[in-house]
Amino acid sequence: ASTPAPAPPPDPVTPEVLSQPEVVTATTPVLDSTSISEVVTSVNIPSALEIPPLNYGDLAALGFSNWTPVGFAQWSMELIQVSSGMSWLWTIATVTILSRLIIFPFHISAIRTTAKLTPYQPRLLQLRDEFRKVGNLTKDPIAVQKISLQQKKIYEEADVSLLTPFLNPLVQLPISLGLFFGIKRLCELPLEQLKVGGFGWITDLTVPDPMYALPLAMAALVNVQLSVGARDVTSDAAETHHLFNFLRVVSIVTVPFMASLPVGIVVYVVTNVVCMMAQSVILRVPSVRKALDIPKIPDHMYAAKPPTFLETAKFGVDWFKNKVTEAQ
């Protein structure tokens, strides 16, 4: 029988090889910025700055949206924002425009009343002066009643109700103040969605405008609106003419105050002023006034040239002196 061939001897191991330990190298990949972003995206790590959208009933859960003017204004903003998906800046502007549309019929009624009473302005001013004298000096109740009856007769001749001039402010004040304080409270909470509800440099509606752009725009627009509104003044009362100059000063003096308010509130005020300006311009069109049954006012009945600021200052000083004299 044949015997198997012996196995070959192992290779000799040198002492140098025995003294060197085995080194295992690992290849570590180098990640650039693109690779890192891909890794983060694949892991889908949630962002801490991500704010979920508002849902129906969230404001009620936070204690808002009650049956007060403020709560109803907040509910309206929630309804429009959730339904449309608009940013909160445009939501505030849209709700402001809608509020002006609600007030518009009452404003038309007030303008119609003013137009009807314009021919009777001299008699009404005379009765007002007589009422002041009777009330401050004699305080004769019979004389006061007589003046009231004369005023009522003038309103009947003009086919105007005594309650009509009060309807516009009774409707306008709750709506306007409700929106103002409704937005103010949401900004003060603050509602987290308002922090990402703007655009451009106006991103956070809960903080003041860092560029002062909106407060300055508001002051400019208020002065334009006063110039537009002054052209429609038909009253001969001196206080009416000087009131416009006083409001111009107020619009400038209050710029720092408006600049300290949250952007959401300033957006509401600016939108409101723009709506009032557009309303004044539209109601000056003869065809529009005819369609709304607003009587035409003769050109000579409009107020004369507005007083200067110096004349307004002098009027204010004289008015204050007269009040002091009457008090003494």
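Residue numbers restart at each chain and count upward from 1, following the sequence in its written direction. With pLDDT at 70 or above as the cut-off, local features in this predicted model cover only qualifying residues; side-chain atom pairs require 80 or more to be listed or tallied, and sums for whole chains, interfaces and linings still use all residues. Note: side-chain values were computed over all heavy atoms of the structure, leaving out hydrogens and water.

Engineer: Now, about the overall build of the chain: what can you tell me, with residues and values included?
Structural biologist: The helix and strand labels rest on DSSP assignments: H or I over at least four residues marks a helix, E over at least two residues marks a strand, and numbering proceeds from the N terminus. Scanning the chain for helices and strands turns up 14 helices and zero strands. Moving toward the C terminus, one meets the helices and strands of the chain in the order α-α-α-α-α-α-α-α-α-α-α-α-α-α. Counting every position in the chain, which comprises 328 residues, the buried fraction comes to 32%. When the accessible area of the chain is evaluated, it comes to approximately 21500 Å², of which 67% is carbon and sulfur surface. In this scheme, a residue with accessible area under 20% of its type's maximum is buried, one over 50% is exposed, and one in between is partly exposed, where area comes from a 1.4 Å probe on protein chains only. Method for areas: the Shrake-Rupley scheme with a 1.4 Å probe, in which residue coverage is limited to the protein chains shown.

Engineer: Describe in detail the nonpolar core, supporting the description with residues and values.
Structural biologist: A general tendency of soluble globular proteins is for nonpolar side chains to be buried together. Throughout, nonpolar core names a set of buried Ala, Val, Leu, Ile, Met, Phe, Trp, Tyr and Cys residues whose side chains join them through atoms within 4.5 Å. Membership of the largest hydrophobic core comes to 34 residues, with the highest contact counts inside it found for Met-77, Trp-88, Ile-92, Ile-183, Leu-186, Leu-194 and Leu-205. For this core, the elements supplying multiple residues, two or more each, are α4 (69–84), α5 (88–117), α8 (164–188), α9 (213–230) and α12 (263–282). In terms of residue count, the dominant contributor to this core is α12 (eight residues). Throughout, a contact is declared for two residues whenever any of their heavy atoms are within 4.5 Å. Among all residues touching Ile-92, those that are not within four sequence positions of it are Met-77, Ile-183, Leu-205, Gly-264, Val-267 and Tyr-268.

Engineer: An account of a nonpolar patch on the surface is requested, with residue identities and associated values reported.
Structural biologist: Nonpolar side chains collect at one region of the surface, where Tyr-56, Trp-67, Phe-72, Trp-75 and Leu-79 lie side by side and expose about 660 Å² of accessible area between them. With respect to the element layout, Tyr-56 can be found in the loop between α2 (33–43) and α3 (58–61). Surface patches are defined over residues having more than 30% relative accessible area and no salt bridge, joining like charges when they lie within 9 Å and nonpolar side chains (Val, Leu, Ile, Met, Phe, Trp, Tyr) when within 5 Å. Salt-bridge detection follows one rule: a side-chain nitrogen of Lys or Arg within 4 Å of a carboxyl oxygen of Asp or Glu.

Engineer: Can you explain the pattern of salt bridges? Please cite residues and give values.
Structural biologist: Under the defined criterion, the tally for this structure stands at five salt bridges. The salt bridge involving Glu-157 is made with Arg-123; its shortest N-O contact spans 3.4 Å. Note that Glu-157 is positioned in helix α7 (residues 141–157) and Arg-123 in helix α6 (residues 121–138), a separation of 34 residues in sequence. According to the relative accessible area criterion, Glu-157 is partly exposed, its value standing at 39%. What makes Arg-123 partly exposed here is its relative accessible area of 39%.

Engineer: Got a sec to walk through the packing of aromatic side chains? Specific residues and values, please.
Structural biologist: Two rings from Phe, Tyr or Trp (for Trp, the six-membered ring) form a pair when their centres are within 6.5 Å of each other. A pair whose planes differ by under 30 degrees is stacked, one over 60 is edge-to-face, and the rest are tilted. The full count for this structure, using the stated rule, is two aromatic pairs. Ring centres of Phe-72 and Trp-75 lie 5.5 Å apart, and the angle between their planes is 35 degrees; this geometry places the pair in the tilted category. Taken together, the residues span about one helical turn, with Phe-72 and Trp-75 both in helix α4 at a distance of three residues. Look at Phe-72 and you get partly exposed, because its relative accessible area is 44%. Aromatic side chains Phe-180 and Phe-181 sit 5.2 Å apart centroid to centroid with 85 degrees between the ring planes, which places their arrangement in the edge-to-face category. Residue Phe-180 is classed as partly exposed on the basis of its relative accessible area, which comes to 21%.

Engineer: If you had to explain the environment of Ala-213 to someone new, which residues and values would you point to?
Structural biologist: Locating Ala-213 in the fold gives a position in helix α9. Accessibility expressed as a relative area gives 29% for Ala-213, which makes it partly exposed. Along the backbone, Ala-213 and Ile-202 are eleven residues apart, and their C-alpha atoms lie at a distance of 9.9 Å.

Engineer: Mind laying out α4, listing which residues take part and the relevant values?
Structural biologist: The end-to-end C-alpha distance of α4, which contains 16 residues, comes to 22 Å, matching closely the 22 Å that a straight helix rising 1.5 Å per residue would cover. Buried within α4 we find Val-70, Gly-71, Ala-73, Gln-74, Ser-76, Met-77, Glu-78, Ile-80 and Gln-81. Against α3, α5 and α8 lie the buried residues of α4. Two residues or fewer after α4 comes Gly-85, characterised by a positive phi angle close to 75 degrees. Multiplying 1.5 Å by the residue count of a helix minus one yields the expected span of that helix.

Engineer: Give me the lowdown on α9, citing residues and values where you can.
Structural biologist: Between its first and last C-alpha, α9 extends 26 Å over 18 residues, near the 26 Å set by a 1.5 Å rise per residue. Turning to α9, its buried residues number three or more, namely Leu-214, Pro-215, Met-218, Ala-219, Val-222, Asn-223, Gln-225, Leu-226, Val-228 and Gly-229.

Engineer: An account of the side chain of Thr-91 is requested, with residue identities and associated values reported.
Structural biologist: Within the secondary structure, Thr-91 sits in helix α5. Each residue touching Thr-91, except ones within four places of it in the same chain, is listed here: Met-77, Ile-80, Gln-81 and Met-86.

Engineer: Describe the packing of α4 against α5, listing the residues and the values that go with them.
Structural biologist: Axis definition: a line fit to C-alpha positions, over the contact stretch in the case of helices; interaxial angles, taken between N-to-C directions, run 0 to 180 degrees. Where α4 contacts α5, the axes come no closer than 9 Å and their chain directions differ by 120 degrees. By the angle class used here, α4 and α5 are oblique. Considering how the two elements wind past one another, α4 and α5 form a crossing that is right-handed. Residues Ser-76, Met-77, Glu-78, Ile-80 and Gln-81 of α4 form the contact with α5, whose own contacting residues are Trp-88, Thr-91, Ile-92, Thr-94, Val-95 and Leu-98. Just so you know the grouping, Ala, Val, Leu, Ile, Met, Phe, Trp, Tyr, Cys and Pro go in nonpolar, Asp, Glu, Lys and Arg go in charged, and all remaining residues, Gly too, go in polar. Counted by class, the contact of α4 with α5 contains six nonpolar, four polar and one charged residues. Working rule for angles: under 35 degrees goes down as roughly parallel, over 145 as roughly antiparallel, 65 to 115 as roughly perpendicular, anything else as oblique. Helix crossings fall into two classes, left-handed where the near helix is turned counterclockwise from the far one by less than a right angle and right-handed where it is turned clockwise.

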